[in-house]
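In case you want the letters, here they are:
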Amino acid sequence: MMIEPTGGILGAVVTGIDLSQPLSGADFSTVLTALGRHGVLRFPGQTLGARELKVFSERFGPIQGSVTGKFHDPEVPEVGILSNIRENGQPIGLADAGQDWHTDMSYNRVIGFVNVLYAVKVPRRDGKALGSTVFANMHAAYDELDPALKSRLEDMTATHDFNKFWEEMRRRPGSMRGPLTPEQRAKRPPSVHPVFLTHPITGRKVLYCNPGYAIRINELDEAESDRVLTALFEHQLQPRFQYSNEWSENDLLVWDHIGTLHNAIPDYTADEPRLMKRCQVMADWIFDPEFLRRALPQRSAA
Ligand code: SIN
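Below, the structure is looked at part by part. Here the structure is a predicted model, which means the values were calculated and not measured. Sequence order as written defines residue numbering, which begins from 1 separately in each chain. Totals for whole chains, interfaces and linings use every residue, but because this is a predicted model, local features are given only for residues with pLDDT of at least 70 and side-chain atom pairs only at 80 or more, for both listing and counting. Derived side-chain values reflect all non-hydrogen atoms in the structure, with water molecules and hydrogen atoms excluded from consideration.

What about the overall build of the protein chain?
Consideration 1: Numbered from the N terminus, helices here are DSSP runs of H or I no shorter than four residues, and strands are runs of E no shorter than two. Within the protein chain one finds nine helices and 20 strands.
Consideration 2: Our radius of gyration is a C-alpha quantity, and the globule rule it is checked against amounts to 2.2 Å times the number of residues to the power 0.38. Compactness check: the protein chain gives a C-alpha radius of gyration of 19 Å against a globular reference of 19 Å for 302 residues, within 12% of the reference.
Consideration 3: The principal-axis extent of the C-alpha atoms belonging to the protein chain is close to 50 × 50 × 40 Å.
Consideration 4: Here's how the labels work: a residue is buried when its accessible area is under 20% of the maximum for its type, exposed when over 50%, partly exposed in between, all with a 1.4 Å probe on protein chains only. For the protein chain, the proportion of its 302 residues judged to be buried stands at 52%.

Side note on the site of the ligand
Consideration 1: Only heavy atoms are used to decide nearness, and a residue is near a molecule or strand if one of them lies within 4 Å of it. Around the ligand, a shell composed of L82, A97, G98, H102, D104, N115, L117, T133, H262, A264, R274 and R278 is seen.
Consideration 2: Under the rule applied, a polar contact is a pair of N or O atoms within 3.5 Å (in protein, one hydrogen donor and one hydrogen acceptor; residues adjacent in sequence only if both atoms are side-chain atoms). Take R274: an N or O atom from its side chain is 2.9 Å from an oxygen atom of the ligand.
Consideration 3: In this structure, an oxygen atom belonging to the ligand sits 2.7 Å away from a side-chain N or O atom of R278.
Consideration 4: The Shrake-Rupley method, run with a 1.4 Å probe sphere, supplies the accessible areas, and residue values consider only the shown protein chains as cover. Contact with the protein chains hides 99% of the accessible area of the ligand, taken as 260 Å² for the molecule alone.
Consideration 5: Of all the elements in the fold, those that place two or more residues in the shell around the ligand are β8 (112-121) and β19 (260-264).
Consideration 6: All residues other than Ala, Val, Leu, Ile, Met, Phe, Trp, Tyr, Cys, Pro, Asp, Glu, Lys and Arg, Gly among them, are scored as polar; the first ten of these are nonpolar and the last four charged. Of the residues that constitute the shell around the ligand, the class distribution is four nonpolar, five polar and three charged.

Quick look at the environment of P74
Consideration 1: Locating P74 in the fold gives a position in the loop between β4 (63-64) and β5 (80-83).
Consideration 2: According to the relative accessible area criterion, P74 is exposed, its value standing at 75%.
Consideration 3: Along the backbone, P74 and A50 are 24 residues apart, and their C-alpha atoms lie at a distance of 9.5 Å.

A short note on helix α7 (residues 222-236)
Consideration 1: Expected helix span is given by 1.5 Å per residue-to-residue step, counting one fewer step than there are residues. Here α7 spans 21 Å end to end across 15 residues, near enough to the 21 Å set by a 1.5 Å rise per residue.
Consideration 2: Buried within α7 are the following residues: E224, S225, V228, L229, L232, F233, H235 and Q236. Across the axial projection of α7, the buried residues extend over an arc of 165°, all falling on one side. Exposed side chains of α7 directed beyond 90 degrees from the buried face belong to R227 and E234.
Consideration 3: The N-capping residue of α7, defined by a side-chain oxygen 3.2 Å from the backbone nitrogen of A223, is D221. This arc is taken over the directions from the axis of the helix to the C-beta atoms.

What about the pattern of salt bridges?
Consideration 1: The salt bridge criterion pairs a side-chain nitrogen of Lys or Arg with a carboxyl oxygen of Asp or Glu, the two atoms within 4 Å. This structure, assessed with the given rule, holds 20 salt bridges.
Consideration 2: Across the salt bridge formed by E290 and R294, the nearest N and O atoms sit 3.6 Å from each other. With E290 and R294 both in helix α8 (residues 289-295), this residue pair falls four residues apart, about one helical turn.
Consideration 3: What makes E290 partly exposed here is its relative accessible area of 36%.

Here's what the structure looks like:
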């Protein structure tokens, strides 16, 4: 396996490994370590069916299913379909997934760990790939946060609400999303997490508060919370913390939700098809010391 950093603030390209085959313990350990270090790993030229995608993703933890029960592989429901393609007048996938800054599943009690996204169709115009996914580095955002604000927020928590992002997407012109039903809201109740988390792989602190889902700093009054959230969002999205991934067909991208934010750029039209297959993996295991000891034995021995 070869791991070549992109030279940007995030990202590495990983070659010399076939992800349709089961990963050895040593290879998984190398991938996890690289994920902590680079945040976004691109594995080009992979050929994966839905089952292989699920098996690979489940090495990192349990997969979260969709809240609506729509837009997944017919035989492998853990594999979600993201697409602007319509067949017989009907959408075949979720067309507006992730189209603003957020990190997946911060709204859950058990937060998200990784996304595994496989490119089947990439839109192109004049030979240039469209529909890039942009990332922001939350290790760097924490490191470079104003020291006074950092020490003030040190023991504070934020509430994250799934409905915030959902409603924002719904307000966009042409949105196909209906309001969440009471049952769907009950499946995704708001959750509270520390504003700063210690990353389970790197052992370093990250800023864990994203514009998509964070609605309130709980220890501050509402007006102050709004001011601080605005300042945090502005800080964490500075271009110097960002890295843009341009897709090619058969790329498999794995990214770390704990140490990054992301944003899917909708710069393509309905006539420029994009089709992605996605597994959203939760962080049940990555915070479990036993899993970490087995998955990263060299770190435990150090
Ligand atoms: C997502 O946010 O999971 C989707 C990202 C993308 O389609 O680029």
